[in-house]
Every structure is written in structure tokens, then in C-alpha cells.
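# Chains, contacts and geometry: an overview
Below are the chains, spelled out letter by letter.
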Amino acid sequence: MTVNFGIVVFPGTNCDQDTKSAVEGLGHRSEFIWHDSAPDSLSRFDCVILPGGFAYGDYLRSGAIAAFSPVIAVVKRYIDEGGLVLGICNGLQVLLEMGALPGAMIRNRDLRFICRFVDLIVKQTDTPFTSACVQKQVLRIPISHFEGSYYIDEAGLKSLIENNQIVLKYSDENGNCTPDANPNGAVFNIAGICNERRNVFGLMPHPERAADEVLGATDGKFIFDSIASSVAERRR
Amino acid sequence: MRKARVFVWLKKDVLDPQGRTINEALHGLGYGLVEEVRQGKAFDIQLNDDGVSDENLRELLAEMSKRILSNPVIEDFTVELLDRS
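Below or above, wherever it landed, is the structure these notes cover. Just so it is clear, the model here is predicted, and its values are computed rather than measured.

## Some remarks on the overall build of chain B
Along the backbone of chain B there are two helices and three strands. For chain B, the succession of helices and strands along the chain, N to C, is β-α-β-α-β. Across its three principal axes, chain B shows a C-alpha extent of roughly 50 × 30 × 15 Å. Sorting the 85 residues of chain B into buried and exposed places 29% on the buried side. Across chain B, every contact between residues at least 6 apart in sequence was considered, and the portion connecting residues at least 24 apart equals 72%. When the accessible surface of chain B is totalled, it reaches about 5600 Å², and 52% of it is carbon and sulfur. Across chain B, 12 positive and 16 negative side-chain charges occur, with their mean positions spaced 2 Å apart.

## Focus on the environment of V167 of chain A
Residue and element names in this part refer to chain A. Tracing the backbone shows V167 in strand β9 (residues 166-171). Counting along the chain gives 41 residues from V167 to D126, while the straight-line C-alpha distance between them is 9.2 Å. Here V167 is in contact with I121, V122, K123, Q124, T127, T130, G192, I193, C194 and F201, once residues within four sequence places are set aside.

## Focus: the interface of chain A and chain B
Listed as interface residues are 14 residues of chain A and, on the opposing side, 18 residues of chain B. Approximately 1400 Å² of surface area, both sides summed, lies buried where chain A meets chain B, with 64% of it carried by carbon and sulfur atoms. Contact with chain B buries surface across chain A, with L60, R61 and Y151 of chain A losing the most and accounting together for 38% of the total. Two residues, E75 of chain B and R61 of chain A, come together in a salt bridge whose shortest N-O distance is 3.8 Å. Where chain A packs against chain B, one counts six residue pairs in polar contact (both at pLDDT 80 or more). By residue number, the principal contributor to the side of chain A that touches chain B is strand β5 (residues 104-106) of chain A, which donates three residues. Residue composition of the side of chain A that touches chain B, by class: eight nonpolar, two polar and four charged.

## Focus: a nonpolar patch on the surface
Taken together, L29, Y31 and L33 of chain B make up a surface patch of nonpolar side chains, about 390 Å² in accessible area. Within the secondary structure, Y31 of chain B sits in the loop between α1 (17-28) and β2 (40-47).

## So, the pairing of strand β10 (residues 190-194) of chain A
Residues and elements named next belong to chain A. Burial analysis of β10 places five of its five residues in the buried class, the great majority of the element. One ladder, built from three bridges, connects β9 with β10; its direction is antiparallel. Looking at the pairing, I166 lines up with I193 of β10. Taken together, β10 and the strand that follows it, strand β11 (residues 200-203), pair antiparallel across an intervening segment of five residues, in which R198 is found at a positive phi of about 70°.

## Considering the sheet that holds β2 of chain B
All names here are of chain B. The antiparallel open sheet is built from three strands, whose spatial order is β2-β1-β3. Both outer strands of the open sheet, β2 and β3 (75-84), are each paired with one neighbouring strand and no more. Taking each pair of neighbouring strands and ignoring which way they run, the sheet shows an average axis angle of 20°. Here strand β1 (residues 2-10) runs beside β3; their pairing, made up of eight bridges, is antiparallel. Across the sheet, R2 pairs through a bridge with R84, a residue of β3. Sheet contacts for helix α2 (residues 54-69): β1, β2 and β3; angle to β3, the most-contacted strand, approximately 145°.

## Points about the nonpolar core
Counting residues in each nonpolar core, the largest one holds 68 residues, and the members touching the most others are I49, V85, L86, M98, Y150, L168 and I227 of chain A. Tallying contributions element by element places helix α2 (residues 70-80) of chain A first for this core, with six residues. Those residues in contact with L86 of chain A, other than ones at most four positions away along the chain, are C47, V48, I49, L50, F129, F201, L203, I223, F224 and I227 of chain A. One finds F43, L47, L57 and L61 of chain B within the second-largest nonpolar core, a separate group that totals 10 residues.

## Looking at the side chain of S226 of chain A
Residues and elements named next belong to chain A. Relative to the assigned elements, S226 resides in helix α5 (residues 221-235). In this structure S226 comes out as buried when scored by relative accessible area, which is 0%. Beyond its immediate sequence surroundings of up to four residues, S226 is in contact with P128, F129, T130, S131, A132 and C133.

## Section: unusual backbone geometry
Residues and elements named next belong to chain A. Here the phi dihedral of K136 falls at roughly 70°; this positive angle occurs in a residue that is not glycine. Tracing the chain through its elements places K136 in the loop between β6 (114-122) and β7 (138-145). Given the relative accessible area of 62%, K136 is considered exposed. In this model, R198 sits at a positive phi of 70°, which is unusual for a non-glycine residue. Within the secondary structure, R198 sits in the loop between β10 and β11.

Thresholds applied
- Residues numbered from 1 in each chain as written.
- Chains lettered and ligands numbered in written order.
- Predicted model: local features only at pLDDT ≥ 70, side-chain atom pairs only at ≥ 80, totals over all residues.
- Heavy atoms only, no water.
- Helix = DSSP H or I, 4+ residues; strand = E, 2+ residues; numbered from the N terminus.
- Buried < 20%, exposed > 50% of the residue type's maximum accessible area, 1.4 Å probe, protein only.
- Contact = heavy atoms within 4.5 Å.
- Areas by Shrake-Rupley, 256 points an atom, 1.4 Å probe, with all protein chains shown as cover.
- Lys, Arg positive; Asp, Glu negative; His and termini not counted.
- Charge placed at Lys NZ, Arg CZ, Asp CG, Glu CD.
- Buried area = accessible area lost by both parts, 1.4 Å probe.
- Salt bridge = Lys/Arg side-chain N within 4 Å of Asp/Glu carboxyl O.
- Polar contact = N/O pair within 3.5 Å; in protein donor to acceptor, adjacent residues only side chain to side chain.
- Nonpolar A, V, L, I, M, F, W, Y, C, P; charged D, E, K, R; others polar.
- Patch = residues over 30% accessible without salt bridge, like charges linked within 9 Å, V, L, I, M, F, W, Y side chains within 5 Å.
- Pairing = 2+ DSSP bridges.
- Axes fitted to C-alpha atoms, helices over the stretch in contact; angles between N-to-C directions.
- Core = buried A, V, L, I, M, F, W, Y, C linked by side-chain atoms within 4.5 Å.

See below:
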């Protein structure tokens, strides 16, 4: 199943080419969508990706300015129509700022930019983005961020848990979500969440950096393979 | 022209790693009396207030603060309307 990905590019986005290369390496098609273009609809895409980087230089707050760009109004409609949207790292920060996902990001606990592999336990497999995983599978995917400490208040966390919206959590290699396995101080070790409708998923780790044997890690493929099988299901 | 100043702070229950680090630096410099530092942001804004009441200006500034200058999930803000320049 060939997926037609749309990859949104803001000024300051820097993982657009990596993402394109990753999905095309897996046999999919992709096309860039410029931030100030406002096409009538994105419906010709099977999935829209908001990639990583520093949109608008992360001015004001990560993702804050991007959330008001012309293309985001169209992405909002796409989400309302049930379209699949994947936000990676800065893309997740944009999804939070535009209100497509609950919560916010603050600076890492230790005020360090962290760029390394982490282990992640898959808590939800009934999403279009993780359906190729098995429950409690541990994925090894790199993170690369300074402002990746997920914050949500107690009521919000309760609602995320009740609605099974916590998809990925930082864990050790055996899937235990210990404080030591939490790289950035994220509430409840949260690394990735989806919306209630499950068509929007955002994660801090970079699956596109772990989707090719050459890079020494391929667990990111599970995310793109999940999207492919979900798209196949939708087309049936 | 009118000047306004908006302050944005992380909410009390949100950890402020920058403030904490600055606090530690101040202690390192010998300012042991410092108990806590919270780092915020200030925005100085110039407005054309022709025909706009102070009450309206305050409402508009609060709206801007809620919509973009702050993220209400993690931040609080205050609005100050300053004297005419």
C-alpha cells in the first residue's frame, strides 16, 4: 500500500527532507506543503505530517507562531474531516499550540538539549499510528529536543488516561516507566499522545530518524507501517 | 499612542527549570537570601488608541494575551496600561 503523505514546511522546519526520505525509502509518496499556502483542501493526502525543527525559530514559544499560519487553518479542517495527522517533535508542539492535542511543552527538566536514543513502551495499539505494534512493545527511537517536557494538569491527565490517549511513554528497555527512564521530566513519562477521535497523533521522538537500516535503527518503521495499513483499511 | 506592558509567567504549579537554575547561580554568587526565582517574559506594546476606551484596550490586550502571548495551559499573564507617550 503506497501512502500519499503531505509534509508541511514552515520557515525553520529542518526535518522535512529526512521525513520525505524516510517515507519514500519505505515506498511511499510525499509532497511538501508550504506554510503560507492555503489550498482549499488537503483531502488528496492520506496523511499529513508536521515534521520536526524550529518553526519560526521557536519565537515566543515552540510552535506558537506556526499555529497561526495559513496552512494550519486548512490542517484544522482536514482534522475535522477525519484526516490523519502526525506531528513529530516540533510538529507535536504545533499540534499542542493549535489546540489539536491537549497539554503543553516546557523546557527539559535539566535545561539540556537531549539528542539520543530512548526506549518507549507502546501503550495503545488501536490507533492508526501504532496498529502495527503489539501491546507493550518497546520501541527504540531517538529524541532531539530542548523543550520536550510534556505538561498537563491533573484533570487533563485523568482525562487522557480515561480516554486511552497516552500512546507512547518513556520507559527502560523492559518497558518499565521509571523516573530514570524519563529523559526530560515529562508528566507521567508521556512521549506521545493522540486525540479522542484518534486521527491526530503527536510524539517527541523522531521515527523518521529510525526507519532505515543504514541509520542503525528501524523501529520508527512501525509508525509508518501502521499508517500504511490504516490507510489501506480506510480505502477498502 | 499608548503604551502597554504584558507580563507572562509560568503558573505556580508548573516547574520552571530556568528560574531554578538562576536561583542556584545567585546562591553561587553568595546571594543566599534569594529563596525562589521565576523567570517570565515582558512585552512592551505600542497601540494606536484613537477613539478606543481604556476598558476596551484592556479587553483587547487580555484577548491578545490569551490567544497568543501566553499559553493558558502553562502560563498566567498580567496587563498594564501605561501613560500616553
